[in-house]
Amino acid sequence: MADTIAGVKVPGTSAVAQATEFIRETTNPLIFHHSRRVFLFGSLHARRLGLRPDPELLYMSAMFHDAGLLVPFSNTPQRFELDGADHARAFLLERGFSGSAAEAVWTAVALHTTPGIPGRMGPEVAATNYGVLTDAIGWGWDEVEDDRLEEIVTAHPRGDFKREFLEAFVEGLKDRPDTTYGTINADVLEHFVPGFRRPSMVERVQNAPWPN
C-alpha cells in the first residue's frame, strides 16, 4: 500500500501499522477504505484551511471513527461513536501514547457525527469531521483537485458506498435504537426500519414527572 496518496503521507509509525491491520481485520472493506479516505480528505482539508493536526493522531481518529458500528467496545448499550472512541483511547494508551493524545483521538471519534461543533475544536477533531463529511455527503469535495480525488478513490475504491454505508448503519444501530436519540443516526433508522419512531425532546419534557 502506498505510503503517500494524493500528496498526503501516511505516518510510518508502528502504531499506525498496528491500527491499519487491526481495522482491516476487525471491520470490513467498506469501513476500512472509508476510514482511510477520511484520513486523506481530512488531511487535505486541514492543509487547505491552515490547520496543523498531528498526522498520527488524525490517522488514529480516522481509522477508529466507525469501528463502533462493528466492534462494540462495551457491554452497555451506548452510541456507536462512543464505542469507537473508547476503543481508540484504550488502543493508544496501551501503546504508550500520552493521556492528552488519547483524549484528542477520543474526542475526534466521539464527535465525528455531531454537526457544528468539531470545526470549533482542536485540529484533529476538526479534520476528522471534515474528512467524514467529504466522504459521506460530499462536503468540500469541490475543494479537492480532480487528480487527487481520482488518486484517493483509486487507492481506496468507493464501490457501492452509498447503499453499503447506510446498510452498515442500520446493522450497527437497529439493536440499540435508543442510543440514536438526539443524533443524526436516528435519520437512518427512521428511513429504513419499519416501525421505528424517532424519540422527541418535546415528549420527554411533557412527560417529565414534574407537575408543571
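For the structure itself, consult the block above.
Residues numbered from 1 in each chain as written. Predicted model: local features only at pLDDT ≥ 70, side-chain atom pairs only at ≥ 80, totals over all residues. Heavy atoms only, no water.

Draft legend 1. Region of the structure containing the packing of helix H3 (residues 55–64) against helix H4 (residues 80–94). Closest axis-to-axis distance for the H3/H4 pair is 9 Å, and the angle between their directions is 140 degrees. Considering their axes alone, H3 and H4 lie oblique with respect to each other. H4 is crossed by H3, and the crossing has right-handed handedness. Of the residues in H4, those touching H3 at Leu 57, Met 60 and Phe 64 are Gly 84, His 87, Ala 88, Phe 91 and Leu 92. Of the residues assigned to the contact of H3 with H4, the class counts are six nonpolar, two polar and no charged. (Axes fitted to C-alpha atoms, helices over the stretch in contact; angles between N-to-C directions. Helix = DSSP H or I, 4+ residues; strand = E, 2+ residues; numbered from the N terminus. Parallel < 35°, antiparallel > 145°, perpendicular 65-115°, else oblique. Left-handed = near helix turned anticlockwise from the far one by under 90°. Contact = heavy atoms within 4.5 Å. Nonpolar A, V, L, I, M, F, W, Y, C, P; charged D, E, K, R; others polar.)

Draft legend 2. Quick peek at the pattern of salt bridges. Within this structure, the stated rule accounts for 16 salt bridges. Taking the shortest distance from any N to any O, the salt bridge between Arg 37 and Asp 135 comes out at 2.7 Å. Placement of Arg 37 in helix H2 (residues 29–49) and of Asp 135 in helix H6 (residues 123–137) is noted, with a sequence separation of 98 residues between them. For Asp 135, a relative accessible area of 2% puts it in the buried group. Between Arg 176 and Asp 83 there is a salt bridge, and its shortest N-O distance comes to 2.7 Å. Of this pair, Arg 176 sits in the loop between helix H8 (161–173) and helix H9 (185–192) while Asp 83 sits in helix H4; the two residues are 93 residues apart in sequence, bridging distant segments of the chain. Each member of the pair, Arg 176 as well as Asp 83, carries the same accessibility label: buried. In the salt-bridge network here, residues are joined through shared partners; they are Asp 160, Arg 163, Glu 164 and Glu 167. (Salt bridge = Lys/Arg side-chain N within 4 Å of Asp/Glu carboxyl O. Buried < 20%, exposed > 50% of the residue type's maximum accessible area, 1.4 Å probe, protein only.)

On their own, these measurements won't tell you what the molecule is for.
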